[in-house]
Protein chains: 2
Amino acid sequence: MPEQFKFAAIGLDHRHIFGMAKGMIAAGCRFASFWTEGEPQPLAGFQRRFPDVPRVDDVRRILEDTSIPLVLIAVPPHERADLAIEAMRHGKDIMLDKPGCITLEELERIRRVVAKTGRIWSVDFSERFEVPAVTKAAEIVRAGRIGEVLQTIGLGPHRLNAHLRPDWFFDERRYGGILGDIGTHQIDQFLYFTGKETARIAHSAIGNFNNPDRPGFQDFGELNLHAGRAQAYIRLDWYTPDALPNWGDGRLFILGTEGYVELRKYVDINGRPGENHLFLVNGQDNEYVDCREADLPYFVNLARDVRDRTETACAQAHTFSVTELAIKAQQQAERRGYLKET
Amino acid sequence: MPEQFKFAAIGLDHRHIFGMAKGMIAAGCRFASFWTEGEPQPLAGFQRRFPDVPRVDDVRRILEDTSIPLVLIAVPPHERADLAIEAMRHGKDIMLDKPGCITLEELERIRRVVAKTGRIWSVDFSERFEVPAVTKAAEIVRAGRIGEVLQTIGLGPHRLNAHLRPDWFFDERRYGGILGDIGTHQIDQFLYFTGKETARIAHSAIGNFNNPDRPGFQDFGELNLHAGRAQAYIRLDWYTPDALPNWGDGRLFILGTEGYVELRKYVDINGRPGENHLFLVNGQDNEYVDCREADLPYFVNLARDVRDRTETACAQAHTFSVTELAIKAQQQAERRGYLKET
């Protein structure tokens, strides 16, 4: 395989495809082509960003092109499992927008195909892999500067932008529900920072409190995880108010035995400009770290994994475990607000 | 009763007595005397702050002094119920350090004595009543600036200062456990900001992760509450690191349908100096509010309630409800870390 191998995109149904493609280009790969059905909302923005990437009229032209070892998938969530399986059977490695799949039955089929084909089934947990402040936080934690990680609190507010969203976005059976979908980011970060392989779901709840006209949608979700000496609280919502200068005031609090880290990932409300703010307090230090220049190693590592058949970008078992927990948390969740009627 | 009535203090076993007394003096009352057993650690600091207040050698001199309508109680938590009951039977109104009591049996006896005597049994939830930023947040919420309150997240880290703590501080049967004790502050704020009378405990857990030599102590606690369309997540801990310039990085996030408020009560880490920082984001506004000058109405209102037999400082039913939830959350909590051995 050439050092600068080719990749293609299948499905432009979520804007996350922009970051996925940008990351692989930055890692030295060549964006060969894309296929998508119809004219999804992100298509225009995609073509502005990647004007030279040709669209193919049949997805088979990507699946059957043996010069393309990696495909990025951002079709609607309920279509991801079957497509990824088909692509892996064609010998492709896969990077998916989250969630990678939305039912346990899909996940089981994916596990079997990965085991049989040896392909990579990777999910781009963009709230870690595309956030330099998380890279920096991992360095700090690995260096022992906050001791043993006992807890993470992840707050994941998102701007709804309902008028820009497709139908599937509001249908639990197609997007996987709020914990099954954007919950994956936060579960990923808990397992990553605590080094746990999996966790027990201590409590989960979902609600629709602000969108009575969209009964299949969930605008609120919360989840408590527990694994040995570590615990997590996770809150997701779709309530980002218009006056916030970014899509969401995403926070991550990492509490250790010797100190704590707070990330203000996308905005420091009424504070410092820009993104990627890290605060560290421990026995000796009380520091602010501007993390804009930190690396995003996921993409370079994934490119190496595709070439060298290594497993450095993200452990396959971790991606499965995150996905399984998200689906189970969603299935078990107490239903609140307007969801109680359904 | 004179406009400037007298009050006395019983028990100087917790430094909270300083704020309790200071508040009543600021409300125009006269600090007549105090009684405490032995030489508790806060005594020296108390006598520096209140050098003119005489110590009496027998608690009966306070209980039987009919010119004193209000007593402040800060004996160790397990002694509070019996003492408050005795004082109420002597015709006194009561303000207690939190927790007001630590068992359901105590609470039931207190309810009966309050019903019979008509006395006031008030707990100084100091993380609300002594924090000007909370007064300001309540104004903002009441004005509808964040819509309907759907959730509060309260983070209550505390500095341990183990060498300054008495034995009872580390004994669950005497201090009531982490949720029963400092959990009351956070439960109070959830019920207050959502306007709920009580809540269901959706999940609670306590842990000792960092103090293996103190098996009766809990350095971590968490609690999820649910009431109709409102929910809370609460985390308490005793991990404040030494480099933090105050005793704890207390936060309160109030999430509404139309916006949110964040309080950084005691410190804005690596940000603005001082205490009482409020951040508001909604559809139109993205504001920072310095709340140092906001009022603390609890004390003035309590003085009026004592004089006029009104119920303006804090509803009696609310104080009972907070205390009951804290005790039940503590009793039901999953036990983690070194607590699992006990």
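Residues numbered from 1 in each chain as written. Chains lettered and ligands numbered in written order. Predicted model: local features only at pLDDT ≥ 70, side-chain atom pairs only at ≥ 80, totals over all residues. Heavy atoms only, no water.

Peer 1: Explain the relation of the copies chain B and chain A residue by residue, including any values.
Peer 2: Taken as rigid bodies, chain B and chain A are interconverted by a rotation of 180° and an axial shift of 0.0 Å, the fit giving an RMSD of 0.0 Å. The operation mapping one copy onto its partner corresponds to a two-fold rotation axis. Residues of chain B ranked by C-alpha distance from the rotation axis are headed by H203 of chain B, positioned 3.2 Å from it. In this assembly the copies share their binding face: 100% of the residues contributing to the interface of chain B also contribute to that of chain A. (Least-squares fit on C-alpha atoms with pLDDT ≥ 70 in both. Contact = heavy atoms within 4.5 Å.)

Peer 1: Provide a residue-level description of the packing of aromatic side chains, including the pertinent values.
Peer 2: This model, assessed by the stated rule, comprises 44 aromatic pairs over all chains. Counting every residue linked through ring pairs, the aromatic cluster contains W168, F169, F170, Y175, F217 and W238 of chain A. The cationic tip of R128 of chain B hangs over the ring face of Y192 of chain B; the distance from NZ or CZ to the ring centre is 3.8 Å. The ring of F170 of chain B has R214 of chain B sitting right over it, with the charged end atom 4.7 Å from the ring centre. (Phe/Tyr/Trp six-rings, centres within 6.5 Å; stacked < 30°, edge-to-face > 60°. Lys NZ or Arg CZ within 6 Å of the ring centre and 35° of its normal.)

Peer 1: Go over the pattern of salt bridges, please, and point to the residues and values.
Peer 2: This model, assessed by the stated rule, comprises 65 salt bridges over all chains. Across the pair D97 of chain B and R80 of chain B runs a salt bridge, and its minimum N-O distance is 3.0 Å. With a gap of 17 residues between them, D97 of chain B in strand β4 (residues 93-97) and R80 of chain B in helix α4 (residues 77-89) connect regions that are remote in the sequence. The exposure classification of D97 of chain B matches that of R80 of chain B, with both residues buried. Several salt bridges share partner residues, and in doing so they unite D249, R251, E262, R264, D268 and R272 of chain A together with D249, R251, E262, R264, D268 and R272 of chain B into one network. (Salt bridge = Lys/Arg side-chain N within 4 Å of Asp/Glu carboxyl O. Helix = DSSP H or I, 4+ residues; strand = E, 2+ residues; numbered from the N terminus. Buried < 20%, exposed > 50% of the residue type's maximum accessible area, 1.4 Å probe, protein only.)

Peer 1: Quick rundown of helix α10 (residues 183-194) of chain B? Include the residues and the values.
Peer 2: All names here are of chain B. With 12 residues, α10 extends 17 Å between its outermost C-alpha atoms, agreeing within 8% with the 16 Å of an ideal straight helix rising 1.5 Å per residue. Among the residues making up α10, those that are buried are G183, T184, H185, Q186, I187, D188, Q189, F190, L191, F193 and T194. A positive phi of about 70° marks G195, the residue just after α10. (Expected span 1.5 Å × (residues − 1).)

Peer 1: Outline helix α4 (residues 77-89) of chain A, supporting the account with residue identities and numerical values.
Peer 2: Residues and elements named next belong to chain A. End to end, α4 covers 19 Å across 13 residues, agreeing with the expected 18 Å (1.5 Å per residue, within 8%). Considered for burial, the residues of α4 that qualify are P77, R80, A81, L83, A84, I85, A87 and M88. Looking at the residues trailing α4, positive phi occurs at G91, about 90°.

Peer 1: Can you lay out the domain arrangement of chain A for me, pointing to particular residues and giving the numbers?
Peer 2: All names here are of chain A. By domain assignment, chain A separates into domain 1 (6-124) and domain 2 (128-296 + 329-337). A separation of 25 Å is found between the C-alpha centroids of domain 1 and domain 2. Taken together, the contact between domain 1 and domain 2 spans 14 residues of the former and 15 residues of the latter. Here domain 1 packs against domain 2, burying approximately 1200 Å² in sum over the two surfaces, 57% of which is carbon and sulfur. One can count one salt bridge joining domain 1 with domain 2. (Domains from an automatic or database assignment. Buried area = accessible area lost by both parts, 1.4 Å probe.)

Peer 1: Describe the pairing of strand β11 (residues 259-264) of chain A, and please don't skip the residues or the numbers.
Peer 2: Each regular strand carries side chains that alternate between the two faces of the sheet. All names here are of chain A. Of all six residues making up β11, six are buried, and the element is well covered by its neighbours. Neither face of β11 is open: one carries G259, V261 and L263, the other Y260, E262 and R264, and all of them are buried. Judged from the five bridges that link them, strand β10 (residues 251-256) and β11 form a sheet pairing that is antiparallel. When the sheet's bridge partners are listed, R251 is paired in β11 with R264. Linkage of β10 to β11, two consecutive antiparallel strands, is achieved through a turn of two residues. Here β11 runs beside strand β12 (residues 277-282); their pairing, made up of six bridges, is antiparallel. Across the sheet, the residue bridging to L263 is L278, located in β12. (Pairing = 2+ DSSP bridges.)

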